[in-house]
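# Summary of the model geometry
One letter stands for each residue in the lines below.
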Amino acid sequence: MTRTSTHDAHLNRLWGAACSFAGIFLLLWALSWVKASVLNEDLQNHCRSLHTASFPFEKSCMHEDGTVEGANSLLFEGIFFGSMASAAACLTAAFTIEASRRT
């Protein structure tokens, strides 16, 4: 394998990773919208303390006994923000490599 084809293979893997992380991010964003807008739509009818967020979408309710209903889990939000950060890092690296090859 020549040096150029090795660099192309690494760059293709980097673009693939960026697309995968972006896909995970968009999938989780869609899931959070469905959960907030469809599954937890009626929370506002029986909740005094309603909390809404738009990034990621969330509708949650804190009951008097301290339980929370409808909130996104910490794992969900960790994967959501982690995939966004990973996609940004992979895109930055790919664009940097592309720019350095053209000069």
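Here the structure is shown first, and the text comes after it.
Parameters and conventions
Residues numbered from 1 in each chain as written. Predicted model: local features only at pLDDT ≥ 70, side-chain atom pairs only at ≥ 80, totals over all residues. Heavy atoms only, no water. Disulfide = S-S within 2.5 Å. Phe/Tyr/Trp six-rings, centres within 6.5 Å; stacked < 30°, edge-to-face > 60°. Helix = DSSP H or I, 4+ residues; strand = E, 2+ residues; numbered from the N terminus. Salt bridge = Lys/Arg side-chain N within 4 Å of Asp/Glu carboxyl O. Pairing = 2+ DSSP bridges. Core = buried A, V, L, I, M, F, W, Y, C linked by side-chain atoms within 4.5 Å. Buried < 20%, exposed > 50% of the residue type's maximum accessible area, 1.4 Å probe, protein only. Contact = heavy atoms within 4.5 Å. Patch = residues over 30% accessible without salt bridge, like charges linked within 9 Å, V, L, I, M, F, W, Y side chains within 5 Å. Areas by Shrake-Rupley, 256 points an atom, 1.4 Å probe, with all protein chains shown as cover.

## A few points about the state of the cysteines
Counted by the stated rule, this structure contains one disulfide. Here Cys19 stays free of any disulfide, with the sulfur of Cys90 as its closest cysteine sulfur at 9.7 Å.

## Concerning the packing of aromatic side chains
Throughout the structure, instances matching the rule amount to nine aromatic pairs. Seen in terms of ring centroids, Trp29 and Phe55 are 5.7 Å apart; in terms of plane orientation they differ by 85°. Their pairing is edge-to-face. Residue Trp29 is found in helix H1 (residues 3–39), and its partner Phe55 is found in the loop between strand E1 (50–54) and strand E2 (57–62); the two are separated by 26 residues along the sequence. Between Trp29 and Phe57, the ring centres sit 6.1 Å apart and the planes meet at 25°, which makes this aromatic pair stacked.

## Comments concerning the pattern of salt bridges
Inspection of the entire model under this criterion finds one salt bridge. Between Asp8 and Arg101 there is a salt bridge; the shortest N-O distance is 2.8 Å. You can see Asp8 sitting in helix H1 and its partner Arg101 sitting in helix H2 (residues 74–102), a full 93 residues away along the chain.

## Brief notes about the pairing of E1
In this structure, E1 lies alongside E2, joined through five bridges in antiparallel fashion. Paired with Leu50 across the bridge in E2 is Cys61. Taken together, E1 and the strand that follows it, E2, pair antiparallel across an intervening segment of two residues.

## Brief notes about the nonpolar core
Counting residues in hydrophobic clusters, the biggest one holds five residues: Leu11, Leu14, Ala18, Cys90 and Ala94. The set of elements that each furnish at least two residues to this core consists of H1 and H2. With residues near it in sequence (within four places) discarded, Ala18 still touches Ala87, Cys90 and Leu91.

## Some remarks on a nonpolar patch on the surface
Taken together, the side chains of Trp33, Val34, Val38 and Leu39 present a nonpolar region at the surface, about 390 Å² in accessible area. Residue position: Leu39 is located in helix H1.

## Brief notes about the sheet that holds E1
The three strands lie next to each other as E1-E2-E3, forming an open sheet whose pairing is antiparallel. The open sheet terminates on both sides in strands that have one partner only, identified here as E1 and strand E3 (68–69). When E2 meets E3, the two strands line up antiparallel, connected through two bridges. Across the sheet, the residue bridging to Met62 is Val68, located in E3.

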